[in-house]
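Fold and contact review
The residues making up each chain are set out below.
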Amino acid sequence: MILVTGAAGKTGQAVIKALVARRQPVRALVRRDEQTQTVKSLGAEEAIVGDMRDATALKRAAQGVHAIYHICPNVSPEEIQIGKTAIAAAREAGVERFVFHSVMHPQTEAMTHHWNKLRVEEALFESGLAYTILQPSSYMQNVLGGWKAIVERGVYTVPYTVEAHMSMVDLDDVAQAAAVVLTEPGHLGATYELAGPEVLTQMQVAEILSKHLKRPVRAEQITIEAWTLQARASGMGEYQIETLTKMFHYYDRSGFWGNPHTLSQLLGRTPSKFDAFVERTIREGSG
Ligand SMILES: NC(=O)c1ccc[n+]([C@@H]2O[C@H](COP(=O)([O-])OP(=O)(O)OC[C@H]3O[C@@H](n4cnc5c(N)ncnc54)[C@H](OP(=O)(O)O)[C@@H]3O)[C@@H](O)[C@H]2O)c1
């Protein structure tokens, strides 16, 4: 049995699907009762409701599993504590494998949520657990947050320069890589950067969207102030706004790009290009 934390989120759901496709029994840790239905419909054998900040809940979830795939809630101010609690629960339960869903370039101190993940990686090195660390780049699926404006108004907005270079990765590829390291030998002690196969500017992203939607789409930079107003209106917390603002400033200066070689090796093929992701999104109507 493999425990997946953060299981009802977009990463968790993708990882469950990839594990179920490999006929692996999954126990899903979710926060709310109604999320048990979501994870069970994806094929999770068991669902446990609990808060990741609660050590007792994590210990209960870790009992009897042989591996844990730990996904911290997105941009959590408690990432380090949650990571350490998950590690302690894994040690107590004697799990054979702990895989941490980190992020590409956790060494970047300018991005608080990346830097926090580095601290969790450090705790893992010191834990004595048999671990693997996955460091995905930003997901192609993040573009879906602005899909309505892209399709209806032909505008793809980002709160940083449209010239920023990014190597976005398809979350489905990340989930397949997670399933590989959780179920195949040879990955203990490894830290893998998972970047998409091409480095694109946001203008190139808009061109690809335009080609598949068969309508003009332009990339447009919105100000951080405009983005903040939208984020507040959508109910985002102040810590998340502040942390993501730092990330956007960083993207503005440095972009966010890496190398796809490790992911290609894990998948045994070239990772999906953005072109294929957009084509699939339109074909499946999943935008
Ligand atoms: N997005 C990217 O491009 C990207 C790239 C690399 C790495 N990552 C990392 O991937 C991780 C997951 O991101 P995501 O976008 O999949 O997140 P997400 O969709 O927001 O999912 C997070 C899940 O965790 C649950 N959760 C929140 N607080 C919890 C708590 N205290 N106890 C138990 N469950 C809790 C949420 O439930 P509710 O619905 O109740 O809130 C949700 O189901 C993050 O650590 C992020 O840094 C993301």
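Structure: see above.
Given the structure is predicted, the values throughout are model-derived calculations rather than measurements. The numbers attached to residues start from 1 for each chain and follow its sequence in the written order. Residues qualify for local features only when their pLDDT is at least 70, as the model is predicted, and side-chain atom pairs are given and counted only at 80 or more; totals for whole chains, interfaces and linings, by contrast, use all residues. Side-chain measures here rest on the full set of heavy atoms in the structure, leaving out hydrogens and waters.

In this section: the overall build of the chain. In terms of regular secondary structure, the chain is built from 12 helices and 9 strands. Only C-alpha atoms enter the radius of gyration, while the globule expectation follows 2.2 Å times N to the 0.38, with N the number of residues. Its C-alpha atoms give the chain a radius of gyration of 19 Å, within 12% of the compact-globule value 19 Å for 287 residues. Overall, the C-alpha framework of the chain stretches about 55 × 35 × 35 Å when taken along its three principal axes. Surface accessibility of the chain: about 13000 Å² in total, with carbon and sulfur atoms responsible for 49%. Asp and Glu count as negative and Lys and Arg as positive, but His and the ends of the chain are not part of the count. Taken as the charge centre is NZ of Lys, CZ of Arg, CG of Asp or CD of Glu, depending on the residue. Each charge class in the chain was averaged separately, 29 positive and 31 negative side chains, and the resulting centres sit 4 Å apart. For helices the rule is a DSSP run of H or I covering at least 4 residues; for strands it is a run of E covering at least 2, with both sets numbered from the N terminus onward. Per-residue and other accessible areas were derived by the Shrake-Rupley procedure at a 1.4 Å probe size, with only the shown protein chains allowed to occlude residues.

If a single non-hydrogen atom of a residue is within 4 Å of a molecule or strand, that residue counts as near it. Close contacts around the ligand come from 25 residues, with Thr11, Arg31, Arg32, Met52 and Lys117 the closest. The backbone of Gly9 places a nitrogen or oxygen atom 3.1 Å from an oxygen atom of the ligand. Within the contact set of the ligand, an oxygen atom lies 2.8 Å away from a side-chain nitrogen or oxygen of Arg32. Lys, Arg, Asp and Glu make up the charged group, whereas Ala, Val, Leu, Ile, Met, Phe, Trp, Tyr, Cys and Pro make up the nonpolar group; the residues left over, Gly among them, are polar. A breakdown of the residues in the shell around the ligand according to their chemical character gives 8 nonpolar, 11 polar and 6 charged. Counting of polar contacts relies on pairs of N or O atoms within 3.5 Å, with two restrictions inside protein: one atom must be capable of donating a hydrogen and the other of accepting it, and residues adjacent in sequence are counted only when both atoms are side-chain atoms.

Here we take up the nonpolar core. General note: in soluble globular proteins, nonpolar side chains tend to be found buried as a group. Definition used in this section: a nonpolar core is a set of buried Ala, Val, Leu, Ile, Met, Phe, Trp, Tyr and Cys residues joined via side-chain atoms within 4.5 Å. Relative accessibility under 20% of the residue-type maximum defines a buried residue, over 50% an exposed one, and the middle range a partly exposed one, all with a 1.4 Å probe and only protein chains included. Membership of the largest hydrophobic core comes to 36 residues, with the highest contact counts inside it found for Val4, Val15, Leu19, Val39, Tyr69, Leu134 and Leu194. Elements with a contribution of two residues or more to this core: β1 (2-4), α1 (10-21), β2 (26-30), β4 (67-70), α7 (171-183), β8 (190-194) and α11 (261-267). Setting aside anything within four residues of it in sequence, one finds Leu194 in contact with Leu134, Gln135, Pro136, Ser137, Val169, Val174, Ala177, Leu263 and Leu266. Listed in part, the 35 residues of the second largest apolar core include Met104, Trp147, Leu209 and Val217. The contact rule is simple, with two residues in contact once any of their heavy atoms fall within 4.5 Å.

Here we take up the packing of helix α3 (residues 55-62) against helix α4 (residues 79-93). In the contact formed by α3 and α4, the axes pass within 9 Å of each other and the chain directions differ by 40°. Classified by the interaxial angle, the pair formed by α3 and α4 is oblique. Crossing geometry of α3 relative to α4 is assigned as right-handed. Only Ile82, Thr85, Ala86, Ala89, Glu92 and Ala93 of α4 make contact with α3, whose side of the interface consists of Ala55, Leu58, Lys59 and Ala62. The residue makeup of the contact of α3 with α4, split by class, is 7 nonpolar, 1 polar and 2 charged. Where helices are involved, their axes are fitted lines through C-alpha atoms of the stretch in contact, as for all axes, and angles between N-to-C directions lie from 0 to 180°. Any angle that falls under 35 degrees is termed roughly parallel, while one over 145 is termed roughly antiparallel, one within 65 to 115 roughly perpendicular, and all others oblique. It is the rotation of the near helix from the far one that decides the hand of a crossing: anticlockwise by less than a right angle makes it left-handed, clockwise makes it right-handed.

Bringing the pattern of salt bridges into the picture now. Side-chain pairs of opposite charge can arise where the charged atoms are in close proximity. Here, a salt bridge means any side-chain nitrogen of Lys or Arg that lies within 4 Å of a carboxyl oxygen of Asp or Glu. Within the structure shown, the criterion is met by 16 salt bridges. A salt bridge links Arg22 to Glu184; the nearest nitrogen and oxygen atoms lie 3.0 Å apart. Of this pair, Arg22 sits in the loop between α1 and β2 while Glu184 sits in the loop between α7 and β8, placing them 162 residues apart in sequence. Where salt bridges share partners, they join Asp51, Arg53 and Glu78 into one cluster.

Pairing in this open sheet of 7 strands is parallel, and the strands run β3-β2-β1-β4-β5-β6-β8 from one edge to the other. Two strands in the sheet have a free side with no partner beyond their single neighbour: β3 (46-49) and β8. Direction aside, neighbouring strands of the sheet carry axes that sit 15° apart on average. Being paired, for any two strands, means DSSP has found at least two bridges between them. Of the strand pairs in this sheet, β1 and β4 are connected by 3 bridges, and their pairing is parallel. Note on β4: the bridge partner recorded for Val4 is Tyr69. Contacting β1, β2, β3 and β4, α3 runs over the sheet at an angle of about 170° to β2.

On to the environment of Gly94. Here Gly94 lies in the loop between α4 and β5 (97-101). Along the chain, Gly94 and Ala67 lie 27 residues apart, while their C-alpha atoms are 9.3 Å from each other.

Attention now goes to the pairing of β2. With 5 of 5 residues buried, β2 lies mostly within the body of the structure. Residues Val26, Ala28 and Val30 line one face of β2 and the alternating positions Arg27 and Leu29 line the opposite face, and both faces are buried. For β1 and β2, the ladder comprises 3 bridges, and the chain directions are parallel. Bridge pairing links Val4 to Ala28 in β2. We call a crossover right-handed when, viewed with the strands running away from us, the connection from the first strand over the helix to the second turns clockwise. What joins β1 to β2 is α1, and the crossover it makes is right-handed. Bridge count for β2 against β3 is 4 bridges, and the pairing is parallel. Note on β3: the bridge partner recorded for Val30 is Val49.

Below, the discussion takes up unusual backbone geometry. One non-glycine residue, Arg23, adopts positive backbone phi at about 60°. One non-glycine residue, His105, lies in positive phi territory at about 55°. The topology assignment puts His105 in the loop between β5 and α5 (112-127). What makes His105 partly exposed here is its relative accessible area of 23%.

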